[in-house]
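# A look at the structure
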Amino acid sequence: MSGVSSEQAFKSEEQVVPVKPEFAKSAWIDEAKYKEMYQQSIINPDGFWREHGQRIDWMTPYSKVKNTSFDDHNVDIRWFEDGTLNASSNCLDRHLETRGDQTAIIWEGDEPDQDRTVTYKELHREVCKFANALKSQGVRKGDVVTIYMPMVVESVVAMLACARIGAIHAVVFGGFSPEALAGRIIDCDSKIIITADEGVRGGKTVPLKANVDEALTHPDIRSVERVIVYERTGNTAVAWHTHRDVRWDDLMKTASEHCPAEEMNAEDPLFILYTSGSTGKPKGVVHSTGGYMVYASMTHEYVFDYKDNEVYWCTADIGWITGHSYLVYGPLANGAVSLMCEGVPNYPDSTRVSQIVDKHHVNILYTAPTAIRALMAEGDAPVAGTNRSSLRLLGTVGEPINPEAWNWYYQTIGEERCPIVDTWWQTETGGIMITPLPGATDLKPGSATRPFFGVNTALVDNSGNLIEGAADGNLVIIDSWPAQSRTVYGDHHRFIQTYFKTFKGMYCTGDGARRDEDGYYWITGRVDDVLNVSGHRMGTAEIESAMVAHKDVAEAAVVGFPHDVKGQGIYVYVTLNQGAEASEELRMELKKWVRKTIGPIASPDVIQWAPGLPKTRSGKIMRRILRKIAAAEYDGLGDTSTLADPSVVDDLIEEHKGIS
Ligand code: WTA
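Remember, predicted model here, so these are calculated numbers, not experimental data.

Rules used in this analysis
- Residues numbered from 1 in each chain as written.
- Predicted model: local features only at pLDDT ≥ 70, side-chain atom pairs only at ≥ 80, totals over all residues.
- Heavy atoms only, no water.
- Helix = DSSP H or I, 4+ residues; strand = E, 2+ residues; numbered from the N terminus.
- Rg over C-alpha atoms; globule rule 2.2 N^0.38 Å.
- Buried < 20%, exposed > 50% of the residue type's maximum accessible area, 1.4 Å probe, protein only.
- Contact = heavy atoms within 4.5 Å.
- Areas by Shrake-Rupley, 256 points an atom, 1.4 Å probe, with all protein chains shown as cover.
- Pairing = 2+ DSSP bridges.
- 1 Å grid on protein atoms, 1.4 Å probe; cavity = no way out; pocket = protein on both sides within 12 Å on 5 of 7 lines; lining within 4 Å.
- Points joined across faces, edges and corners; volume = space filled by probe spheres on them.
- Nonpolar A, V, L, I, M, F, W, Y, C, P; charged D, E, K, R; others polar.
- Axes fitted to C-alpha atoms, helices over the stretch in contact; angles between N-to-C directions.
- Parallel < 35°, antiparallel > 145°, perpendicular 65-115°, else oblique.
- Left-handed = near helix turned anticlockwise from the far one by under 90°.
- Core = buried A, V, L, I, M, F, W, Y, C linked by side-chain atoms within 4.5 Å.
- Phe/Tyr/Trp six-rings, centres within 6.5 Å; stacked < 30°, edge-to-face > 60°.
- Lys NZ or Arg CZ within 6 Å of the ring centre and 35° of its normal.
- Near = heavy atom within 4 Å.
- Polar contact = N/O pair within 3.5 Å; in protein donor to acceptor, adjacent residues only side chain to side chain.

Along its length, the protein carries 21 helices and 31 strands. The C-alpha radius of gyration of the protein comes to 24 Å, within 12% of the 26 Å expected for a compact globule of 660 residues. In terms of overall dimensions, the protein has C-alpha extents of about 75 × 65 × 60 Å along its principal axes. Counting only residues that meet the buried cut, the protein has 61% of its 660 residues in that class. Sequence separation of at least 24 residues holds for 72% of the intrachain contacts in the protein that already meet a minimum separation of 6. Of the accessible surface of the protein, which amounts to about 25,000 Å², a share of 49% is contributed by carbon and sulfur atoms.

Here it is in structure tokens:
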């Protein structure tokens, strides 16, 4: 187990990879342009976004631009509020004349011999048909539609079809369990679920329809009228409920190809996406239409320096925000060729990513540090027999990238030819916030570098005082940007509490960061009880509540610990009920239990039996101590004298030594 040591971080701060002059020459944005545009965007946001808002098509042009308040009594965020538009026509119709026959999506199947290309014209036709299919099933403007799909073209069709008719999509990652899916369906009250018979990933099938069936047995779900099932594998054993289930193909057979795009207000919600926080159940983050589309398309073009006809591959699943903004809405709004891959980076073997790059002549590759670290573990094997000469730019997202992984990505995948954009952002921010621009920014491995246009970043101490210059602090954003989430679905109060109360008048990111002498940001990770496991956000409270729902568990405390591949692993301390036996079988059973309750991504890496947990006299678990023990840092546990029973710490250390 090794994290990014401070020594490594220090050394890397001295490593600078300057912008390559030949790259800067042809890039959209060079250093002078970055400085000029960034200045403008901060000094005069209204003027800046008035101009750049025009990069997308509006049905009714906006006259107002920015109307936002971070006042914690009345957070109210509106952009382009009197403009109207449709997100799907921005991704499709606007390209039909100029690039109708150009590829919109290259789909690469789980098996290397399966692929498919879809042109803008074809995608438009499919979306119109499916939009009509949704209407035929009673879906109306403003309804919420849950999408629980594998990585197939039809999942993009489903999202854009919702957007076309003004329905709000809520995509749920296909790796979530029936119970997690049920919770999200209940929260957003959707009447329609779109799914597939099964998904295919890394050579295994995922029983999506069976999971939906199980989710819908939840007693609190009464809203669901229809389940639309796309046939991916054709497994005939999939159960069928005649009054509720309909086949995607049957609906498409009769659906008309003509479907005018619904005129939406800029502030109408485009989608809901659930994400974990430090407390409570996952939040339905709501994004609206106008500002989101402007920002997603603009960041996609400038951060990836995207040029016409380039093949761009974002490896994220559509179940995450990265899939929404940088596989679907950003690239398609820009008329890009967007590659989507059904499988995983190391199936059938570790050369798969490089193979796909060569096969489809990928120019831009955007992936997660966890995938890079997994490949790096194989040395040079992941590039064997490939040349990757088409690659021009690399990107990462989701978690801090350690300099070692950065350098492997840079040297082995990109052969020192391709700049790397390390992009920091969040589900709530809608788009990339801190990032290099490849023609402008000298790179420092491990740093997300500088804010994007319109992003007013700052550091504050724990009392909310602004800190200037080179320093460590809490990362906040002091003014709104167009793609900012507008609310938590059904709970604006929670939105305000979560993001605007900690530091009054500022958006609190929940991340810590360091700013160096050059003004570069180095994200140090979450400062709250949120874990980042393989780039996936997970609330410790969520995992704890799953654990204590097991009959043998009295109490559980979850912390993260440094993990070579996942960045953070999940470490669970469990206090058992009287009479329950601390056996290896029970350990396995509890791991399975969490997988079943939340999904495989929440599966604990380590379960440690803890007859007692370190608590203060008022009963608060001291996670700081648990984190240290999980990381085997037995020294420097800090002051333990305030604990109700300090001796539990020694017991926990003994037990930890036993299992590590
Ligand atoms: C972390 C993913 C360091 C961060 C787009 C953030 C990062 C959380 C980076 C959001 C990065 C994301 N460097 N940390 N480049 N990108 N993070 O909502 O802790 O799934 O708050 O959005 O991931 O995760 P989310």
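Okay, the pairing of strand β26 (residues 521-526) next. When strand β25 (residues 507-515) meets β26, the two strands line up antiparallel, connected through 5 bridges. Counterpart to R514 in the pairing with β26 is W522. The turn linking β25 back onto β26 is made up of 5 residues, and G519 within it adopts a positive phi angle of 80 degrees.

There is about 450 Å³ of room inside the second largest pocket. In terms of lining residues, the second largest pocket is bounded by 19 residues, among which E179, A180, K281, P282 and E542 are the most central. If you list the elements that add at least two residues to the lining of the second largest pocket, you get α9 (178-188) and α18 (540-548). Class assignment for the residues of the lining of the second largest pocket results in 9 nonpolar, 5 polar and 5 charged.

Below, the discussion takes up the packing of helix α8 (residues 153-165) against helix α13 (residues 321-333). Contact geometry for α8 and α13: axes closest at 12 Å, N-to-C directions at 60 degrees. Compared by their axis directions, α8 and α13 come out oblique. Note that α8 runs across α13; the crossing there is right-handed. Residues V156, M159, L160 and A163 of α8 touch α13, and the partners they reach there are H324, L327, V328, Y329 and L332. For the contact of α8 with α13, the residue count by class is 8 nonpolar, 1 polar and no charged.

Moving on: the nonpolar core. If you look at the biggest cluster of nonpolar residues, it comprises 185 residues, and the most contacted ones within it are L123, F130, I194, Y329 and F453. The biggest single contributor to this core is α8, with 10 residues. In terms of nonpolar packing, the next biggest core, distinct from the first, is built from 20 residues, A557, F561, Y571 and L613 among them.

Turning next to the sheet that holds strand β12 (residues 245-247). Here 8 strands make up an open sheet; going across it, the order is β12-β11-β8-β6-β7-β14-β15-β24 and the pairing mixed. The open sheet terminates on both sides in strands that have one partner only, identified here as β12 and β24 (487-488). Summarising the sheet, strand β7 (residues 168-171) and strand β14 (residues 269-275) pair through 2 bridges and their orientation is parallel. The residue bridging A170 from the neighbouring strand is I272, located in β14. Against the sheet, α9 engages β6 (144-148), β7, β8 (192-196) and β14, with an angle of about 165 degrees to β6.

For the rest of this paragraph, the subject is the packing of aromatic side chains. Using the criterion set out here, one finds 36 aromatic pairs in the structure. Here Y62 and F80 contribute two aromatic rings whose centre-to-centre distance is 4.7 Å and whose plane-to-plane angle is 55 degrees, an arrangement assigned as tilted. Taken together, the residues span a long stretch of sequence, with Y62 in the loop between α4 (45-52) and β1 (66-69) and F80 in the loop between β2 (76-79) and β3 (84-85) at a distance of 18 residues. Here Y62 falls in the buried class, since its relative accessible area comes to 9%. Aromatic pair Y302 and F453: ring centres 6.2 Å apart, planes at 85 degrees, arrangement edge-to-face. With Y302 in helix α12 (residues 290-303) and F453 in the loop between β20 (420-423) and β21 (457-460), this pair connects stretches of sequence that are 151 residues apart. For the cation-ring pair, R55 lies above Y302, with the distance from its terminal atom to the ring centre recorded as 6.0 Å. Between the NZ or CZ atom of K307 and the centre of the ring of W28, over which it lies, the distance is 5.6 Å.

On to empty space enclosed by the protein. What the rule picks out here adds up to 4 cavities of 30 Å³ or more. In this structure, the largest cavity occupies an estimated 70 Å³ of space. In this structure, the largest cavity is lined by T315, P345, V353, L365, T367, A371, I372, L375, Y409 and I413. For the lining of the largest cavity, the element with the most residues is helix α15 (residues 369-376), which contributes 3 residues. Its residues placed into classes, the lining of the largest cavity shows 8 nonpolar, 2 polar and no charged. When its volume is computed, the second largest cavity comes out at roughly 40 Å³.

A word on the sheet that holds strand β22 (residues 466-467). Strand order across the open sheet formed by 5 strands is β22-β21-β23-β25-β26, with antiparallel pairing between neighbours. The open sheet is flanked by β22 and β26, the only strands paired with a single partner.

Close to the ligand lie 17 residues; D422, T423, T427, D511 and R537 are nearest. T423 places a main-chain nitrogen or oxygen 2.7 Å from a nitrogen atom of the ligand. Residue Q426 places a side-chain N or O atom 2.9 Å away from an oxygen atom belonging to the ligand. Considering the ligand on its own, with 530 Å² of exposed area, one finds that the protein chains cover 96% of that surface. Only α13, β20 and β26 provide two or more residues apiece to the shell around the ligand. Residues belonging to the shell around the ligand are distributed by class as follows: 6 nonpolar, 6 polar and 5 charged.

Function cannot be inferred from these measures alone, as they are strictly geometric.
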